[in-house]
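Reading the structure
For reference, the chains in residue letters:
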Amino acid sequence: MGQVCIHSCSHCRYVLRIEERDGKDQYDVTMSSQQSILKLYAFSTQFVYLLREGLKTFNTPRYRQFAKRLGRLIRHTVHYVSDHWENFKNHNKSKLNTAMFQRLQLEYDCFFLRATKCIFSSLKLGIWQYLADIPYGTISAGMLWRIFYVLHLDYQEESHSDFGSEINNWMEVLSSPDLQIQFEEKCSDAEESELFFLLSAFANMAMSRKKEEDIFIKRAVMDLFYIGFVSESTRDANCKNCRDLLSMVCQQHPFILSHLIQILKLKIGDIGKLSTYLVQEMPWTNWKPLGEDLEVLFKWLKCPISSAENASTRIVLSKMNWELGYLPKEDHIATAIVVAEAFMDYSTEISSQGIVNTSVNTMSNLAMATISTSGSLETQFCKWCWEMMSKLRLHMMDQSLNEYDLILSGNPDIFKQLQDFDLSQPIERVVSAAVSKNAIACYTVLMLTQVGHSLPEVLERGLGFVKVILDSGRFDHTMELLSYLLPLFLIDNSAVDHGQLIYILSRLVNADQTYLSLAKTIITGMF
C-alpha cells in the first residue's frame with residue numbers, strides 16, 4: 001500500500017475539486033457542479049470496488065493488518081464523499097430543482113450502501129470496526145432502514161444488487177421471529193470484538209438521527225437491549241458493552257429513557273437483577289419522564305424491597321434531576337407521596353416510642369450498620385426513602401423567592417396550591433400515618449400541607465409532627481424542617497415562646513451531649 005500514494009492521486013483531487021495554489025491545497029465547493037458530483041460517485045464506487053477485490057484476494061489471517069488498511073481506505077473514501085456532498089448540498093440546495101436533488105441523494109445513498117456492504121461482507125478480518133465510524137447521518141431515512149436490515153443478515157453475497165429495495169414496511173420485516181433468531185445466532189457465533197463493532201454501528205445509527213426519526217432510534221435500541229440483556233446466549237458477554245452503548249444513545253436522545261422504561265416494564269421479569277445493572281449507568285439527570293413512566297416506577301416501588309423492580313426504581317429516582325424547575329412540581333409531590341407510602345409499608349421503625357426505647361433501637365441499628373456497612377434490606381430501603389424525600393423540592397419556602405414572599409404575606413392563593421391536611425384524598429393514607437406518629441408521614445404532611453406553612457397550623461399541629469421526627473432520631477430532617485418553619489415565626493414574635501418549639505430547639509442544642517451520642521462514640525470506636 002505504501003507504493004501507491006492514494007492521497008496524491010490526481011483523479012481524487014480532480015473529483016473533489018482540490019487545486020494547489022501557492023504551494024497549498026485549496027478546496028472550494030463552489031467549483032463543483034451536479035455533473036462533478038455524479039462523477040465523484042462513479043469514481044468512488046469503482047475505487048471501493050477495487051478495494052473490495054483486495055479484501056477478497058487477501059481474505060486470510062496472514063493479511064489481517066493489510067485488510068484493516070483496505071477497510072480504513074474504504075472508510076476514508078466514504079467520509080470524503082459524505083463531507084463533499086454535505087458541503088455541496090448546503091451551498092446549492094436552494095439552487096437545485098427537486099428532481100435533481102433527489103437523484104443526487106439517491107446516488108449518494110447507493111454509493112453508501114455499496115461501501116457498507118464491502119465492509120460488512122468481509123468477515124473475521126477485523127474491519128467491522130469501520131462500520132461504527134461512517135457518517136450514517138448523511139443518508140436518507142429509507143436507506144438507513146435498508147442498511148440496518150442488511151446488517152441483521154448473514155450477508156455473504158458477492159454481488160451488490162438492489163437487495164432489500166422491494167421492502168416497504170421495515171418494522172414488520174425486522175420484527176419477524178425468523179429474522180430475530182437468525183440475528184441472535186449470528187451474534188452468538190461472531191467474535192466478541194466483531195459483535196461489539198456491529199452493535200456500535202447500531203448505536204451510531206441511532207445517535208446520528210434526529211428526534212423526529214424516533215421509530216428507527218427505538219428499533220435500534222431494542223436490538224441493543226435484546227442482545228445485551230434478553231438473549232441468554234449473548235447477554236453474559238455483551239451486557240456491559242450494550243449498557244455503555246445504550247447510555248450513549250440515551251445521552252444523545254434522552255426521550256429514549258422513557259422507551260427503555262416501557263421495555264423494562266415488559267421484560268424485567270425475564271432479565272431480573274440485570275435491570276439494576278442496566279439503569280445504574282443511564283443518564284437519568286437528563287430525563288423528563290412522562291406520566292406513564294412515573295406510573296411504572298411507582299408501581300415497582302411498591303414491589304417487595306428485595307425485588308429487581310424495587311431496586312431499579314430506587315436507582316432511577318435517586319439519579320433523576322430534582323433541581324427546582326426542571327420537573328413539574330406535581331412530579332415532586334406525587335413522588336413524595338409514593339415514597340412515604342412505601343416507607344410506611346416496609347419501615348422497621350417503631351412508632352410512638354419514648355426517647356429511651358428509641359435510643360436503644362437506634363444504638364442497635366448503629367451497631368449492626370457498623371459491623372455490616374450495607375445493613376439489612378429494610379435498613380437500606382428506609383435510609384433511601386429519607387434521602388429521597390430530602391432531594392425533592394416540596395415546601396413552598398423551598399421554591400422561588402416569589403413563593404417565599406407569598407407565604408410570609410399570607411396570600412390565600414399560594415395556600416390553594418397546597419394539599420389539604422383534612423380533605424385531600426391523595427394524601428389521606430399519609431395523614432392517617434402521621435396522626436399515628438409515623439416519622440416520614442409527619443415529614444410529608446409538613447412539606448405538603450397547611451400544617452407546615454400556616455403559622456397557626458404550625459403551632460397547633462405542625463410542631464407536634466416535628467417532635468415525632470426529632471424523637472425518631474432524624475436530627476438532620478428536623479433541622480431541614482426548621483429552616484422552612486422558623487421564618488414563619490417572624491410573623492408573630494410571641495410565637496417563639498411556644499413550649500414545643502423550645503423543647504425541639506433545646507433537644508437539638510444538646511444533641512451531642514446525650515447518652516445516645518456517647519453510645520454512638522463508643523460503638524464506632526469499637527469497630
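Residues numbered from 1 in each chain as written. Predicted model: local features only at pLDDT ≥ 70, side-chain atom pairs only at ≥ 80, totals over all residues. Heavy atoms only, no water.

Overview of the overall build of the protein chain
Counting its regular elements, the protein chain contains 25 helices and two strands. Here the protein chain holds 527 residues, and 49% of them are scored as buried. Contacts in the protein chain between residues far apart in sequence, at least 24 positions, make up 74% of those at least 6 positions apart. (Helix = DSSP H or I, 4+ residues; strand = E, 2+ residues; numbered from the N terminus. Buried < 20%, exposed > 50% of the residue type's maximum accessible area, 1.4 Å probe, protein only. Contact = heavy atoms within 4.5 Å.)

Concerning the packing of helix α21 (residues 439-448) against helix α23 (residues 475-485)
The axes of two packed helices give the description: the angle between them and the distance between them. Between α21 and α23, the least distance of the axes is 11 Å, while the angle of their chain directions is 15°. The angle between α21 and α23 falls in the class roughly parallel. Taken as a pair, α21 and α23 cross one another with a handedness that is left-handed. Between α21 and α23, the contacting residues are Tyr-443, Leu-446 and Met-447 on the first element and His-477, Glu-480, Leu-481 and Tyr-484 on the second. (Axes fitted to C-alpha atoms, helices over the stretch in contact; angles between N-to-C directions. Parallel < 35°, antiparallel > 145°, perpendicular 65-115°, else oblique. Left-handed = near helix turned anticlockwise from the far one by under 90°.)

Observations concerning the packing of helix α2 (residues 34-57) against helix α4 (residues 98-120)
In the contact formed by α2 and α4, the axes pass within 10 Å of each other and the chain directions differ by 10°. In terms of axis orientation, α2 runs roughly parallel to α4. Facing Gln-34, Ile-37, Leu-38, Tyr-41, Ser-44, Thr-45, Val-48, Tyr-49, Arg-52 and Leu-55 of α2, the residues of α4 in contact are Met-100, Arg-103, Leu-104, Glu-107, Tyr-108, Phe-111, Arg-114, Ala-115 and Cys-118. When the residues that make up the contact of α2 with α4 are grouped by side-chain class, the tally is twelve nonpolar, three polar and four charged. (Nonpolar A, V, L, I, M, F, W, Y, C, P; charged D, E, K, R; others polar.)

What to know about the nonpolar core
Membership of the largest hydrophobic core comes to 158 residues, with the highest contact counts inside it found for Tyr-136, Ile-147, Phe-202, Met-205, Phe-225 and Trp-284. Every residue in contact with Trp-284, bar those within four places of it in the chain, is listed here: Leu-257, Ile-261, Val-279, Val-316, Lys-319, Met-320 and Asn-321. (Core = buried A, V, L, I, M, F, W, Y, C linked by side-chain atoms within 4.5 Å.)

Comments concerning the environment of Asn-321
With respect to the helices, strands and loops of the structure, Asn-321 is situated in the loop between α14 (308-319) and α15 (329-346). For Asn-321 and Trp-287, which are 34 residues apart along the polypeptide, the C-alpha to C-alpha distance reads 7.6 Å. Beyond its immediate sequence surroundings of up to four residues, Asn-321 is in contact with Trp-284, Thr-285, Tyr-326 and Leu-327. Of the polar contacts made by the side chain of Asn-321, one reaches the backbone nitrogen of Glu-323; its length is 3.0 Å. (Polar contact = N/O pair within 3.5 Å; in protein donor to acceptor, adjacent residues only side chain to side chain.)

What to know about the pattern of salt bridges
Close approach of charged atoms allows side chains with opposite charge to pair. Taken as a whole and judged by the stated rule, the model has 18 salt bridges. The salt bridge partner of Arg-393 is Glu-323, with a shortest N-O separation of 3.8 Å. On the criterion of sequence distance, the pair formed by Arg-393 in the loop between α17 (377-391) and α18 (401-409) and Glu-323 in the loop between α14 and α15 is long-range, its members being 70 residues apart. Arg-393 gets classed as buried once you look at its relative accessible area, which sits at 19%. A salt bridge links Glu-457 to Arg-461; its shortest N-O distance comes to 3.0 Å. Note that Glu-457 and Arg-461 are positioned in helix α22 (residues 455-471) at a spacing of four residues, about one turn of the helix. Each of Arg-52, Glu-53 and Lys-56 takes part in one network of salt bridges that share partners. (Salt bridge = Lys/Arg side-chain N within 4 Å of Asp/Glu carboxyl O.)

Comments concerning helix α24 (residues 499-509)
Within α24, burial applies to Leu-501, Ile-504, Arg-507 and Leu-508. When α24 is viewed along its axis, its buried side chains cluster within an angular range of 130° and face the same direction. (Arc of directions from axis to C-beta.)

Some points on the side chain of Ser-231
For Ser-231, the location among the structural elements is in the loop between α9 (214-230) and α10 (235-252). The contact partners of Ser-231, leaving out residues within four places of it in the chain, are Glu-184 and Tyr-226.

Points about the environment of Leu-408
When you line up the elements, Leu-408 lands in helix α18. Residue Leu-408 is classed as partly exposed on the basis of its relative accessible area of 28%. Separated by 82 residues in the primary sequence, Leu-408 and Leu-490 place their C-alpha atoms 8.5 Å from one another. With residues up to four places along the chain from it excluded, the contact list for Leu-408 reads Met-397, Pro-487, Leu-488 and Ile-491.

Focus: α15
The terminal C-alpha atoms of α15, which comprises 18 residues, lie 26 Å apart, in line with the 26 Å expected from a rise of 1.5 Å per residue. Across the 18 residues that make up α15, a large majority, 13, are buried. (Expected span 1.5 Å × (residues − 1).)

Comments concerning unusual backbone geometry
Phi at Lys-437 takes a positive value of approximately 70°, unusual for a residue other than glycine. Looking at the secondary structure, you find Lys-437 in the loop between α20 (428-435) and α21. Judged by its relative accessible area of 44%, Lys-437 falls in the partly exposed class.

Some points on the packing of aromatic side chains
Aromatic rings in a pair are described by how distant their centres are and how their planes are angled relative to each other. In total, this model carries 23 aromatic pairs according to the counting rule given. Pairwise contacts between aromatic rings join Tyr-41, Trp-85, Phe-88, Phe-101, Tyr-108, Phe-112 and Tyr-136 into one cluster. Here the guanidinium or amino end of Arg-52 rests over the ring plane of Tyr-49, the centre of that ring lying 4.7 Å away. Residue placement shows Arg-243 over the ring face of Tyr-277; its charged tip is 3.9 Å from the ring centre. (Phe/Tyr/Trp six-rings, centres within 6.5 Å; stacked < 30°, edge-to-face > 60°. Lys NZ or Arg CZ within 6 Å of the ring centre and 35° of its normal.)

All quantities given are derived from atomic positions and should not be read as evidence of function.
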